[in-house]
Amino acid sequence: MIFAASFQTDPWTLVITTIAAYTVYCVVEVIHRVYFHPLARFSGPWKAKISEGWFSDIAPSGFAERTLAVQHDRYKTTALRVAPNQLHITDPDAYKVIYNQTAPFPKDADYYATYNTPHSLFTECDPVLHRELRKRLSPMFSRVGVTKLEPIIHEKLRLMTEKITRLSKNGPIEMNYALRGLTVDIISEFAFGESRNVMQSSETSFAARFLSAFDESIDLPIKNYYGGFLRRRLSRIIPLSVIAKIDPTAAVLHEIFVFAESCARAYSAQAAVADGATKHSKPHPIVFDALQGLPEWRTRYESMDMIVAGSDTTAWTLTTVLFHVLRREGVKSRVEEAAKRALPDLNHIPSYVELEKDEYLFACVKEALRLGTPVPGVLPRIVPSGTPFQVEGKIVPPGTIVGMSAYTMHLSTSVWGPDASVFNPDRWLQPGAKDMDQYFVPFSKGTRSCIGMNLAYAEVIIVMTYLFRMFDMKLVSKEPRVREMFIQMPDLPCCLVEFTPRDIDA
Ligand code: HEM
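Residues numbered from 1 in each chain as written. Predicted model: local features only at pLDDT ≥ 70, side-chain atom pairs only at ≥ 80, totals over all residues. Heavy atoms only, no water.

If you check an unreviewed UniProt entry, the protein appears there as Cytochrome P450 from Aspergillus taichungensis.

Structure (structure tokens):
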């Protein structure tokens, strides 16, 4: 009674008591996180041990993996504590445990939710639901499935090279834009049954509003995830259509959603006429075929993810091939010779299964995937309960967020030797090169590895061979600055190339 009365008469006491209690709570929490937390034995920056702020600052800042590599060196550890409950791991042998084929660590739901495509193959975190969806889609992406998509690649490639031939008279061409336009046009035709026709956006260059707008919106998921608890939650609740009204970058993503929606509707209408069967006028399968029976919103999200996952990643691999091959005269002449052998007649493009038999061409593609690492950053997973997970002899408790990156795997000198950061296709032709595949993770590994791997290989080897066969190319730009935004985002100019069409009959 007396206690209640004193609060009524003295509100300041209540305020001061609350502040004091909160301060004590914070101090106790900090002491707990630094000294008594299950991750207390792992090294890392002091700020990272007590708050998510440290990682949130570096993640969207440019190239987080490079900053993290410095910190690993500084603390001499392969398991860096980057947040109170998160480890960044660089021990190459831990990769096969985390990204495992039979019992992989589940994806971090909070992270994948920021992509705003719930229950898509990419974002689904429930292993059972993921397995069902993957089973539906896998046949399309198998080696046999991909050969059915090759006519799309050929058609778009011919459109690109016609435009290159026309534009090359005016000077060098920014190939990063050309290749991104190409891969968006291929994948949208495959995903939606309707090409986005990005390559046709401008008469005078390969620049396109779709691409520049995409550049601006690509860091949205990273900003949402690392922008603090409130932003993370709000980004999941507020529909993209609403955010698009106030944020121009979100508006672009929303535009792609609307495009996907109209394609999904057109497809459903057609499928209804055809009595639910996968009958459409396209000579190739489209992603919607495999998703029949699912609600329309799911087919839309799935196709959206295919566009995002399957365009810039492949374009960056192609850009890396051009950039590195054109910078090395010895490599360039070997690639030109190989292209001439593999593609004697430009009117008849061999299947990618045939092309990849050329060891040197295939070695160049693998080396571009290793050094270029289109998805360089950490892929966050949650340590499951059950079998204890250990790094550096220390137990990592269940529930911890752990992640590894292709960047650290691909540049590890302990794995690749002192020339790890050099473009050297010959490393793939040495005896024992097959053993290196366990550390080669551009598409990640295990059940959550990239479903589009065969399609990506097909696009890269076909386009690369065709370009080196058709043109004499000269690189006229320097190495670009690149940002890591889940994928690699280069500043322009990135890969400016002068083209001279070859006299093929010569
Ligand atoms: C060189 C090109 C490519 C690279 C390097 C690449 C890389 C990756 C990586 C690293 C992952 C795992 C992501 C994670 O765990 O968060 C992934 C997943 C995925 N990729 Fe790719 N990708 C490429 C091309 C493609 C293409 C062409 C498509 C589709 C058309 C595609 C569709 C997907 C999908 C749907 C997933 C999620 C798979 C699942 O969780 O089951 N990717 N990719």
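It is worth spelling out the overall build of the protein at this point. When its secondary structure is counted, the protein shows 24 helices and 11 strands. Over its C-alpha trace the protein gives a radius of gyration of 25 Å, about what one expects of a compact globule, namely 23 Å for 506 residues. Principal axes of the C-alpha set define a box for the protein whose edges measure 100 × 60 × 45 Å. Here the protein, with 506 residues, has 54% of them falling under the buried criterion. Intrachain contacts of the protein at a sequence separation of at least 6 include 73% that bridge at least 24 residues. (Helix = DSSP H or I, 4+ residues; strand = E, 2+ residues; numbered from the N terminus. Rg over C-alpha atoms; globule rule 2.2 N^0.38 Å. Buried < 20%, exposed > 50% of the residue type's maximum accessible area, 1.4 Å probe, protein only. Contact = heavy atoms within 4.5 Å.)

The next thing to look at is the sheet that holds strand β11 (residues 496-501). Taken in spatial order, the three strands of this open sheet run β3-β11-β8, and their pairing is antiparallel. In this open sheet, the two edge strands, each paired with only one partner strand, are β3 (173-174) and β8 (471-475). Sheet analysis places β8 next to β11, joined by five bridges and oriented antiparallel. Across the sheet, residue D472 finds its bridge partner in β11, namely T500. Helix α18 (residues 312-327) rests against β8 and β11 of the sheet, and its axis sits at about 85 degrees to β8. (Pairing = 2+ DSSP bridges. Axes fitted to C-alpha atoms, helices over the stretch in contact; angles between N-to-C directions.)

Below, the discussion takes up the site of the ligand. Neighbouring the ligand are 30 residues, the closest being Y112, H130, R134, R381 and C450. Within the side chain of H130, one N or O atom sits 2.7 Å away from an oxygen atom of the ligand. In the environment of the ligand, an oxygen atom lies 2.9 Å from a nitrogen or oxygen atom belonging to the side chain of R448. Counting only elements with at least two residues in the shell around the ligand, the list comes to α8 (127-141), α17 (296-310), α18 and α24 (453-470). Broken down by class, the residue content of the shell around the ligand amounts to 18 nonpolar, eight polar and four charged. (Near = heavy atom within 4 Å. Polar contact = N/O pair within 3.5 Å; in protein donor to acceptor, adjacent residues only side chain to side chain. Nonpolar A, V, L, I, M, F, W, Y, C, P; charged D, E, K, R; others polar.)

Before going further, it helps to spend a moment on the coordination of the iron atom of the ligand. Just one protein atom coordinates the iron atom of the ligand, and that atom is C450 (SG), at 2.3 Å. Topologically, C450 is positioned in the loop between α23 (413-416) and α24. (Donors = N, O, S within 2.8 Å, 3.2 Å for Na, K, Ca; no water.)

Here we come to the packing of aromatic side chains. To describe a pair of aromatic rings, one takes the distance between the centres and the angle between the planes. Taken as a whole and assessed by the stated rule, the structure comprises 19 aromatic pairs. Seen in terms of ring centroids, Y111 and Y112 are 5.0 Å apart; in terms of plane orientation they differ by 80 degrees. Their pairing is edge-to-face. An identical accessibility class is assigned to Y111 and Y112; each is buried. With a centroid separation of 5.2 Å and 85 degrees between ring planes, the pair formed by Y115 and F122 is classed as edge-to-face. Since its relative accessible area comes to 17%, Y115 is described here as buried. Through a chain of ring-to-ring contacts, three or more aromatic side chains come together here, namely Y111, Y112, Y115, F122 and F486. Over the ring of F206 we find K163, and its NZ or CZ is 4.8 Å from the ring centre. (Phe/Tyr/Trp six-rings, centres within 6.5 Å; stacked < 30°, edge-to-face > 60°. Lys NZ or Arg CZ within 6 Å of the ring centre and 35° of its normal.)

With that settled, consider the pattern of salt bridges. Overall, the coordinates contain 23 salt bridges when judged by the stated rule. Put simply, R327 and E479 hold a salt bridge, and the shortest N to O gap is 3.6 Å. Pair noted here: R327 is in helix α18 and E479 is in the loop between β8 and β9 (482-485), with a separation of 152 residues, a long-range link. For R327, a relative accessible area of 41% puts it in the partly exposed group. Residues joined by salt bridges that share partners form a network here, namely K332, E336, D472 and R502. (Salt bridge = Lys/Arg side-chain N within 4 Å of Asp/Glu carboxyl O.)

Another point: the side chain of E302. Counting through the fold element by element, E302 comes out in helix α17. Within the buried set, E302 has no salt-bridge partner at all; the shortest N-O distance to an opposite charge, 5.5 Å, is to R298. (Lys, Arg positive; Asp, Glu negative; His and termini not counted.)

Further remarks concern the environment of G393. Residue position: G393 is located in the loop between β5 (389-391) and β6 (394-396). Judged by relative accessible area, which is 60%, G393 ranks as exposed. A sequence separation of 312 residues divides G393 from R81, and the C-alpha atoms of the two residues are 15 Å apart.

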